[in-house]
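# Topology and contacts: notes
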Amino acid sequence: MSYLGQGDYFVIIIYFLILIGLGLYLKKKASASMEDYFLGGRQLPWWALGISGMASFLDITGTMMIVSFLFLLGPRGLFVEFRGGAVLVLAVMMLWTGKWHRRSGCITNAEWMIYRFGDTASGRFARIAGAVAGIASTIGMLAYLAQGVGLFLSMFVPFPPWMCSLVLIAIATIYTLTSGFYGVVYTDIIQSVVILVAVVGVSIFAFGKVTSADQLASLAYEVTGQSEWMSSACSWKTTMPEGYEQYSFLFIVAGFYLFRNIFFGMGAGGEPKYFGARNDAECGKLTFLWTNLMMFRWPMMMGFAVLGLYLVKDFFPDQGVLGDAAALIKAQVGAIDKSQWANEISSILHSSEKYPTAFITQLQEILGEGWRIKLHLISYEGTVNPERILPAVILRDIPIGFRGLILVALIAACMSTFDSILNMTIGFFTRDIYQAYLKPDATNAQLIRMSWIFGVVLVGISFLFGYTADSINDIWDWFIMALGGGLVIPSILRFYWARFNGGGYAIGTIVGLIGAVLMRVGQMYFAEMTPFLEVLFRNPASQFFVTVLIGLTGAVVGTYLTRPTDTKVLEHFYATTRPFGFWGSMSKSLNADVRVQIFAEHRQDVLALPFAICWQVTLFLLPMQLLIKSYQAFAITLVIFIVSLAGLYWVWLRHQTVKSG
């Protein structure tokens, strides 16, 4: 059964041809030097980097996940997405860590270790550890993207999820490897335009569907069982379906993830966009634009969630049929792992001749008319699979023609995230391992060729990892909590503690990485042995705190087992980066006027943080409240937004002037 018309296929094919053509066109420009390949020659304007940042933080997988929580909880789904989807880390990057990275003049975050710890054995050890950690993080992130895009596209074309994912990431890999950072930014700008068109279309369509707030509240309660679906308040506890029980204590979840974002943000900012910015002020401006553009994502996702309520109501007046259908499938195929559920559903849909006629007939009888689309919505547990709401709505509610544009927009979101991460991570290997230690005399052509080889290998490993996970939610929790927790402490301490050295960073990073990998092994093989191990390995908070403790222990022990960083290296780092924290007498090496200037900058940056966080959260809430016609909540949020923005302007934004750093 075809879900796309000729016009849809035409739009998609033209889109792919433009990406590949642009990549080939920019190949010569990107190949001029390593700085051109990885940073665009540090000449790209701040607004282009800001637009690229917005596009790089959008992806199909994340959009599917956020839609699922908005479908389950209404606007309160934003608070669950404090874990990553709300990108609150941007506030810290905007205020100080972005410009701190730019001031180094480095090309990669791993090369930055030499700048911080010196070109000694300790500094080189830290550089290699940073590169390895960056590569490991990318494998987790690309695995998450690969599985999500496969699940999404398999609902539209007659191929299994793994094949859909393979084709898409192959195209993204080709244009990213050929065009470098130039291709990343320029294709992201094109993709952002497509995304914004889709946002407007879906938002208008969903807004027109809602007759009133009361009618929508009644529908949401009937479909999800949530009596507070229309609320924007972060309630203490809420009802969650099977498989999502860990988010029931919503207030605690939101508070924990808020803390986690600020904590992680204090060590973030090592992005090509900041290394490639032309001055300090542009670091702040590009992130301010980046955050504002991220707002457009939320009304589109809320629109899909609202349309999903109507779809589920129409499809499943009695949701008990979902359990019956799931039980029938399990009885037919025998023991099946949750990670293979989506592939089995795709096989039933597109290769039904492999199954007994009686089984297919019985499945059709249970689900009724439109059974193919309905089948996608059945979860392994026999409930509505919220992760499939987004593609199901596109299949049922978006007309052919515009459907192709929506698909291109979501594919563009995936491609833009993929290309940014891939470009950055290739730099870790080519610049920080291959050129630095394996072949220092490599020519520019050899370096670019090695970048291509490593990029292909990296994508292949990530793809294989992605198809061993139970769900995209499963990968995201491990990536954000376990892996992120294991690596965060060394990333933070390097900015705020003078005694912290290259040995501490390297040992803390390696130990934290090993802890995260062991956590993943425990999830897969040991979690079901006892209730204690279930909580230890599968609860996100447990994953986070255990791996943070492991990373912290490794970092502190490693610091005191190895020599301190040379004082001259520290003085140069402090004078050029100008961080706050535990730096002892370092500030005394600067004249009094500079110390006063640095202190004023620190005060502005830190005092602006609560205003920036509040501004960002309300910025995302406002369009969602407007779309569901919750006008009273919209008015209250608008007041908070205006106050927060005014505070941000007065404390921080008005002080942003062009500085050379």
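Quick note: structure is the one above.
Residues numbered from 1 in each chain as written. Predicted model: local features only at pLDDT ≥ 70, side-chain atom pairs only at ≥ 80, totals over all residues. Heavy atoms only, no water.

### Details of the overall build of the protein chain
Secondary structure summary: the protein chain contains 29 helices and zero strands in total. Its C-alpha radius of gyration of 25 Å places the protein chain within 12% of the 26 Å reference for a compact globule of 661 residues. Structurally, the protein chain occupies a C-alpha span of about 80 × 55 × 55 Å along its principal axes. Here the protein chain, with 661 residues, has 63% of them falling under the buried criterion. For the protein chain, contacts bridging at least 24 residues in sequence account for 81% of all contacts bridging at least 6. Of the side chains in the protein chain, 44 bear a positive and 40 a negative charge, and the two mean positions are spaced by 10 Å. (Helix = DSSP H or I, 4+ residues; strand = E, 2+ residues; numbered from the N terminus. Rg over C-alpha atoms; globule rule 2.2 N^0.38 Å. Buried < 20%, exposed > 50% of the residue type's maximum accessible area, 1.4 Å probe, protein only. Contact = heavy atoms within 4.5 Å. Lys, Arg positive; Asp, Glu negative; His and termini not counted. Charge placed at Lys NZ, Arg CZ, Asp CG, Glu CD.)

### What to know about the layout of surface pockets
What the second largest pocket holds in volume is close to 310 Å³. Taken together, 16 residues make up the lining of the second largest pocket; nearest its centre are I12, F16, L153, V157 and V167. Elements supplying a minimum of two residues to the lining of the second largest pocket: α1 (6-25), α10 (161-209) and α21 (402-438). It is α10 that provides the largest number of residues to the lining of the second largest pocket, a total of five residues. The residue makeup of the lining of the second largest pocket, split by class, is 16 nonpolar, no polar and no charged. (1 Å grid on protein atoms, 1.4 Å probe; cavity = no way out; pocket = protein on both sides within 12 Å on 5 of 7 lines; lining within 4 Å. Points joined across faces, edges and corners; volume = space filled by probe spheres on them. Nonpolar A, V, L, I, M, F, W, Y, C, P; charged D, E, K, R; others polar.)

### Focus on the environment of R372
With respect to the secondary-structure elements, R372 resides in helix α19 (residues 371-376). A residue is classified by how much of its surface remains accessible, and R372, at 22% relative accessible area, is partly exposed. Between the C-alpha atom of R372 and that of L349, which follows or precedes it by 23 residues, the distance is 6.5 Å.

### Side note on the packing of helix α7 (residues 89-102) against helix α12 (residues 250-265)
Relative to each other, α7 and α12 sit at 30°, their axes nearing to 8 Å. Judged by the angle between their axes, α7 and α12 are roughly parallel. Considering how the two elements wind past one another, α7 and α12 form a crossing that is right-handed. The residues of α12 that touch α7, namely those facing V89, V92 and T97, are N261, I262, F264 and G265. Across the contact of α7 with α12, the residue classes break down as four nonpolar, three polar and no charged. (Axes fitted to C-alpha atoms, helices over the stretch in contact; angles between N-to-C directions. Parallel < 35°, antiparallel > 145°, perpendicular 65-115°, else oblique. Left-handed = near helix turned anticlockwise from the far one by under 90°.)

### A look at the nonpolar core
Among the nonpolar cores identified, the biggest contains 221 residues, and F152, L216, L363 and L375 are the most heavily contacted of them. Broken down by element, the residue count for this core peaks at 17 residues, all from α21. Apart from residues lying up to four places away in sequence, L363 is in contact with A325, L328, I329, I348, W371 and L375. (Core = buried A, V, L, I, M, F, W, Y, C linked by side-chain atoms within 4.5 Å.)

### Details of the side chain of D280
Turning to its location among the elements, D280 is positioned in helix α14 (residues 280-294). You can call D280 buried: its relative accessible area is 4%. A polar atom in the side chain of D280 sits 3.0 Å from the side chain of R102. (Polar contact = N/O pair within 3.5 Å; in protein donor to acceptor, adjacent residues only side chain to side chain.)

### Overview of the state of the cysteines
Overall, the coordinates contain zero disulfides when judged by the stated rule. This cysteine, C234, is not joined by any disulfide, and C614 carries the nearest cysteine sulfur, 13 Å off. Owing to a relative accessible area of 29%, C614 belongs among the partly exposed residues under this scheme. (Disulfide = S-S within 2.5 Å.)

### Observations concerning empty space enclosed by the protein
Summary: where empty space remains is shown by rolling a probe the size of a single water molecule over the atoms. The full count for this structure, using the stated rule, is five cavities of 30 Å³ or more. Its volume calculated, the second largest cavity comes out at about 50 Å³. Along the walls of the second largest cavity sit 11 residues, with I107, T108, P272, F275 and M424 positioned nearest its centre. At the level of secondary structure, the elements contributing two or more residues to the lining of the second largest cavity comprise α13 (272-275) and α21. Tallying contributions element by element places α21 first for the lining of the second largest cavity, with three residues.

### Looking at the packing of aromatic side chains
One pass over the full model with this rule turns up 33 aromatic pairs. Their ring planes at 40° and their centres at 6.2 Å tell us that F117 and Y505 sit as a pair that is tilted. Of this pair, F117 sits in helix α8 (residues 112-117) while Y505 sits in helix α24 (residues 502-525), and the two are 388 residues apart along the sequence. The class for Y505 is buried, based on a relative accessible area of 4%. Through pairs of rings, three or more aromatic residues link up here, namely W96, W100, W112, Y115, F495, Y496, F573, Y574, F580 and W583. Geometry around F315 places R396 over its ring, the cationic atom sitting 5.4 Å from the centre. (Phe/Tyr/Trp six-rings, centres within 6.5 Å; stacked < 30°, edge-to-face > 60°. Lys NZ or Arg CZ within 6 Å of the ring centre and 35° of its normal.)

### Points about a nonpolar patch on the surface
Together, Y9, F10, I13, I14, L17, I18 and I190 make up an exposed nonpolar region whose accessible area comes to about 650 Å². Sorting elements by how many residues they give to the nonpolar patch places α1 first, with six residues. Mapped onto the fold, Y9 is located in helix α1. (Patch = residues over 30% accessible without salt bridge, like charges linked within 9 Å, V, L, I, M, F, W, Y side chains within 5 Å. Areas by Shrake-Rupley, 256 points an atom, 1.4 Å probe, with all protein chains shown as cover. Salt bridge = Lys/Arg side-chain N within 4 Å of Asp/Glu carboxyl O.)

### Some thoughts on the pattern of salt bridges
Counting across every chain of the model gives 14 salt bridges. The residue R103 makes a salt bridge to D280 at a minimum N-O spacing of 2.7 Å. Placement of the pair is R103 in the loop between α7 and α8 and D280 in helix α14, with a sequence separation of 177 residues. Via salt bridges that share partners, K99, R102, R103, D280, E601 and D605 belong to a single interconnected network.

### Regarding unusual backbone geometry
Phi is mostly negative for residues that are not glycine, and the peptide bonds are mostly trans. One non-glycine residue, V87, lies in positive phi territory at about 40°. Along the polypeptide, V87 turns up in the loop between α6 (77-80) and α7. Look at R578: it is not a glycine, yet its phi comes out positive at around 60°. Inspection of the secondary structure assignment puts R578 in the loop between α27 (567-577) and α28 (592-627).

### Considering helix α29 (residues 631-651)
Turn by turn, an α-helix covers 3.6 residues, leaving residues three or four places apart pointing in a common direction. Under the 1.5 Å per step criterion, the end-to-end length of α29 is 30 Å for 21 residues, consistent within 8% with the ideal 30 Å. Residues A633, T637, F641, S644, G647, L648 and V651 constitute the buried set of α29. Looking straight down α29, one finds its buried side chains confined to an arc of 130°; they lie on one side. Seen from the buried face of α29, the exposed residues on the opposite side, beyond 90 degrees, are Q632, V639, V643 and W650. On its buried face, α29 sits against α7, α14 and α28. (Expected span 1.5 Å × (residues − 1). Arc of directions from axis to C-beta.)

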